[in-house]
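# Geometric and topological summary
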Amino acid sequence: MAYAIARLKKLKRGNISGSASHTARERETPNADPTQKNIRFIGSLAPEERLEDLVLAKIGDSEQKRKIRTDAVYCVELLLSASPSYFRPNCPAQAGYYEPQKLDEWLEATHQWLADEYGSRIVRAELHLDEATPHIHAYFVPLDDDKQLRCNHFFDGRQKIHEFQDSYYQTMRLIGLERGIRGSKAQHQDIKDFYRIVEEGRDLEVDELSAPQLKAKAADRDRANQRKQEMEATAKALSLENEQLRRRIEQLEQDNQSIRKLTEWSTDLALDDVAWELGLWRKGNEWVGGNHIINIDGSKFSDLAPGSHFEGNDAIDLVKHVNQCNQAQAIAWIGERFGEVGAKRAASAHAQKVAADIIQTQPVPQFAPPVEDKANWSGVEHYLTQKRGIPSDCVQMLHNQGLVYADSKANVVFVMRDLNGKTKGAFLEGTTNKFSGYELGTVRRDSWFYFTLGKKPSEQTSTVVLSCSPIDTISVAMLEYQVKGIPENRTVYMAADDTSNLPVERLRNVPCVQVAFSQSTAARAVKELLPHSTQLKCESRDWNTQLINFSHQLQQRYSQQKHEELEL
């Protein structure tokens, strides 16, 4: 674990030059590598500029209310660094080496902290790279807010030293550094001893801790790691939520644009504008001209001229009436006056009003099921029982209920009803050819082939079994019947070949929904719509094939049993 390091040394006037000569390499430094260049990032590089002159100039710029004592602290040397394991995590003992990215992050963060915490009171700061571990020497002139030289205001007593180190740590923790334990022996080292440890490249703080302090630091580290993991998880969740919200906002904006476009296209041209273009002029609340007296009320108008009494609903009606032209000519005229967009808007609004009028006044065509041909029933019944393997009593039951019959072409007709039992469609299957399909006019979104087994019709449905075709629907029901008998609860067997025609709202209220689709993609689509649904696995290519195979197995078992009885 890497730690943030912050130490200080108070310098009287007589000590400034000695400190500066060392940090500026004006005297020989045995442990320094002369091939490495240090970086002064605050202060001038001019060789004639002395640190002492900078300090005195800074103090002299302010008016001191009292005479400065001879033993006063003129500046404070700050030594800032981090554990070697931060700068070179893979090789902390390799003195003099550092990872450039780690160094850049730490230098930028420290420079910003110096600016935020002390501002222009820092008269010089230098990064040392010629020793075992990178570190910074910064010189701070302790002028208070009244510009008086008062070092005790900043660094008087242990509490203020703690505050100084805490302040540095609050910035360093953003780049992954930790703080040392409060009260450890390392915290009270003076800058000379501390500087010796930096030169040796040892892992700061840890070497000076007792066993209980190491244990306490390990616990602090574990808590910090846990907090970090919790914060990362929270940040990740918030990031994901923000991304989802951003996408949702983008989708809503697109929807709003689409709605605005639809609104524009569905809005007719203003009839006052059309009347003006037609050459009528306003007289009071009416538009007159050419034997017309047009009164406009929103999207409607009426001609009040004697003998006219004409009423219309839109711009095209108004153009047709005044210009005495047909609809195509009216649209062309609007296009010439209002452009292509205006003509399309007028045509769209006119079409919507015509459609609304037709829907309200015209009767809806009713589905006409195929005519039953009783003469063909025996052939259809033989097809269902012999080729499709459906038990004859089941075929007869469905026929008696009017759900299955034969048409004039010997097709099997499976009647499709809405949930109220009204016939709205039919599915046809050929018995002499491979034809199958819906009868024209079938209301596919609101009708299904379905039947019920178990308990009385008045009982509430507890189970629905969905299949993709009428034959599979009957086959699933007969497989369950032959294995388990009649269902104990009221069960509906329903054919639905597409998720778009599922009665989803009704099925959500059914406790048990079983999906018997042979295609897994269709089953997954139903699962998304009905999360409580479960899938029935088909062991053959389809449920009818499985029914036929099961019936053959029963027949073989029955024959074997008879043979064994005869041998006895």
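Residues numbered from 1 in each chain as written. Predicted model: local features only at pLDDT ≥ 70, side-chain atom pairs only at ≥ 80, totals over all residues. Heavy atoms only, no water.

### So, the overall build of the chain
- Scanning the chain for helices and strands turns up 17 helices and 19 strands.
- Restricting the contact set of the chain to residue pairs at least 6 apart, pairs at least 24 apart contribute 65%.
- Put simply, the chain shows about 32,900 Å² of open surface, and 49% of that area lies on carbon and sulfur atoms. (Helix = DSSP H or I, 4+ residues; strand = E, 2+ residues; numbered from the N terminus. Contact = heavy atoms within 4.5 Å. Areas by Shrake-Rupley, 256 points an atom, 1.4 Å probe, with all protein chains shown as cover.)

### Here's the deal with the nonpolar core
- Leu78, Trp106, Leu114, Tyr118, Ile122 and Phe155 are the most contacted members of the largest nonpolar core, which has 34 residues in total.
- Among the secondary structure elements, those contributing two or more residues to this core are strand S1 (4-12), strand S3 (73-82), helix H3 (84-87), helix H4 (100-118), strand S4 (122-128), strand S5 (135-140), helix H5 (152-155) and helix H6 (158-172).
- The element contributing the most residues to this core is H4, with seven residues.
- Here isoleucine 122 is in contact with Ile42, Leu78, Leu114, Ala138, Tyr139 and Phe140, once residues within four sequence places are set aside.
- Counting 33 residues, the second-largest nonpolar core is a separate cluster that includes Val404, Ala406, Tyr493 and Leu547. (Core = buried A, V, L, I, M, F, W, Y, C linked by side-chain atoms within 4.5 Å. Buried < 20%, exposed > 50% of the residue type's maximum accessible area, 1.4 Å probe, protein only.)

### What to know about the packing of aromatic side chains
- Per the counting criterion, the structure on display carries 15 aromatic pairs.
- Summarising the aromatic geometry, the rings of tryptophan 113 and tyrosine 168 are spaced 4.9 Å apart at their centres and angled 65° between planes, so their arrangement reads as edge-to-face. With a gap of 55 residues between them, tryptophan 113 in helix H4 and tyrosine 168 in helix H6 connect regions that are remote in the sequence. Tyrosine 168 shares its class with tryptophan 113; the two are buried. (Phe/Tyr/Trp six-rings, centres within 6.5 Å; stacked < 30°, edge-to-face > 60°.)

### Let's talk about the environment of serine 299
- Following the sequence through the fold, serine 299 ends up in the loop between strand S8 (292-297) and strand S9 (300-303).
- When the C-alpha atoms of serine 299 and threonine 267 are compared, they prove to be 9.7 Å apart, with 32 residues separating the residues in sequence.
- Residues in contact with serine 299, not counting those within four places in the same chain, are Leu271, Gly312, Asn313, Asp314 and Lys353.

### Focus: the confidence of the model for the chain
- Here the chain averages 86 in pLDDT, and 89% of its residues register 70 or above.
- Confidence drops under a pLDDT of 50 for residues 184-189, and excluding neighbours within four residues, the segment shows 20 contacts in the predicted structure.
- Counting interchain partners and residues more than four positions distant, the pLDDT-below-50 stretch residues 201-207 has 30 contacts. (pLDDT = per-residue confidence, 0-100.)

### Re unusual backbone geometry
- You will see that glutamine 324, though not glycine, has its phi angle at about 55°, which is positive.
- Considering the arrangement of structural elements, one finds glutamine 324 in the loop between helix H10 (315-323) and helix H11 (327-361).
- One non-glycine residue, alanine 410, lies in the positive phi region at around 65°.
- Relative to the helices and strands, alanine 410 resides in the loop between strand S11 (404-406) and strand S12 (411-417).

### Quick look at the sheet that holds S3
- One open sheet holds the five strands; their spatial order is S1-S3-S5-S4-S2, and the pairing between them is antiparallel. Among the strands making up the open sheet, the edge pair consists of S1 and strand S2 (39-42). Recorded for the sheet is a direction-independent mean angle of 20° between the axes of neighbouring strands.
- In this sheet, S4 lies alongside S2 in antiparallel orientation, the contact comprising three bridges. Note that in S4 the partner of isoleucine 39 across the bridge is leucine 127.
- Contacting S1, S3, S4 and S5, helix H1 (residues 13-23) runs over the sheet at an angle of about 135° to S1. (Pairing = 2+ DSSP bridges. Axes fitted to C-alpha atoms, helices over the stretch in contact; angles between N-to-C directions.)

### Considerations on the pattern of salt bridges
- Applying the stated criterion to the full structure yields 22 salt bridges.
- In this structure, arginine 50 and glutamate 52 form a salt bridge, with 3.8 Å as the shortest nitrogen-oxygen distance.
- For arginine 50, a relative accessible area of 43% translates into the label partly exposed.
- A relative accessible area of 12% places glutamate 52 in the buried class.
- Between arginine 337 and glutamate 277 there is a salt bridge, with its nearest N and O atoms 3.7 Å apart. (Salt bridge = Lys/Arg side-chain N within 4 Å of Asp/Glu carboxyl O.)

### Observations concerning the pairing of strand S15 (residues 449-453)
- Counting buried positions along S15 yields four of five residues, so the element is predominantly enclosed.
- One ladder, built from five bridges, connects S15 with strand S17 (residues 491-495); its direction is antiparallel. Bridging across to S17, phenylalanine 449 finds its partner in alanine 495.

### A short note on H10
- With seven of nine residues buried, H10 is to be regarded as a mostly interior element.
- The set of residues buried in H10 consists of Ala315, Ile316, Asp317, Leu318, Val319, His321 and Val322.
- Against helix H9 (271-277), S8, S9, strand S10 (310-312) and H11 lie the buried residues of H10.
- For H10, the side-chain oxygen to backbone nitrogen distance between the N-cap and isoleucine 316 is 3.2 Å, and the N-cap itself is aspartate 314.
- Glutamine 324 sits one or two positions beyond H10 and adopts a positive phi of about 55°. (Polar contact = N/O pair within 3.5 Å; in protein donor to acceptor, adjacent residues only side chain to side chain.)

### A few points about the packing of H10 against H11
- Contact geometry of H10 with H11 gives a least axis separation of 9 Å together with a crossing angle of 150°. Looking at the two axes, H10 sits roughly antiparallel to H11. Judged by residue contacts, Ala315, Ile316, Asp317, Val319, Lys320 and Asn323 of H10 engage Gln327, Ala330, Ile331, Trp333, Ile334, Ala346, Ala347 and His350 from H11.
- Per-class residue counts for the contact of H10 with H11 are nine nonpolar, three polar and two charged. (Parallel < 35°, antiparallel > 145°, perpendicular 65-115°, else oblique. Nonpolar A, V, L, I, M, F, W, Y, C, P; charged D, E, K, R; others polar.)

### Section: helix H13 (residues 392-400)
- Residues of H13 that are buried: Cys394, Val395, Leu398 and His399. When H13 is viewed along its axis, its buried side chains cluster within an angular range of 135° and face the same direction.
- Where H13 is buried, its residues contact helix H12 (377-387), S11, S15 and helix H14 (470-484).
- Positive backbone phi, at 75°, marks glycine 402, one or two positions downstream of H13. (Arc of directions from axis to C-beta.)

### Looking at the side chain of threonine 110
- With respect to the helices and strands, threonine 110 occurs in helix H4.
- Leave out the neighbours within four places in its chain, and threonine 110 touches Leu80, Ile136, Tyr168 and Met172.

### Structural notes on the pairing of strand S7 (residues 286-289)
- One ladder, built from three bridges, connects strand S6 (residues 281-283) with S7; its direction is antiparallel. Along S7, the bridge assignment pairs tryptophan 281 with valine 288.
- The turn joining S6 and S7, which pair antiparallel and follow one another in sequence, is formed by two residues; a positive phi near 65° is taken by glycine 284.
- Between the antiparallel neighbours S7 and S8 lie two residues, among them glycine 290 with a positive phi of about 60°.

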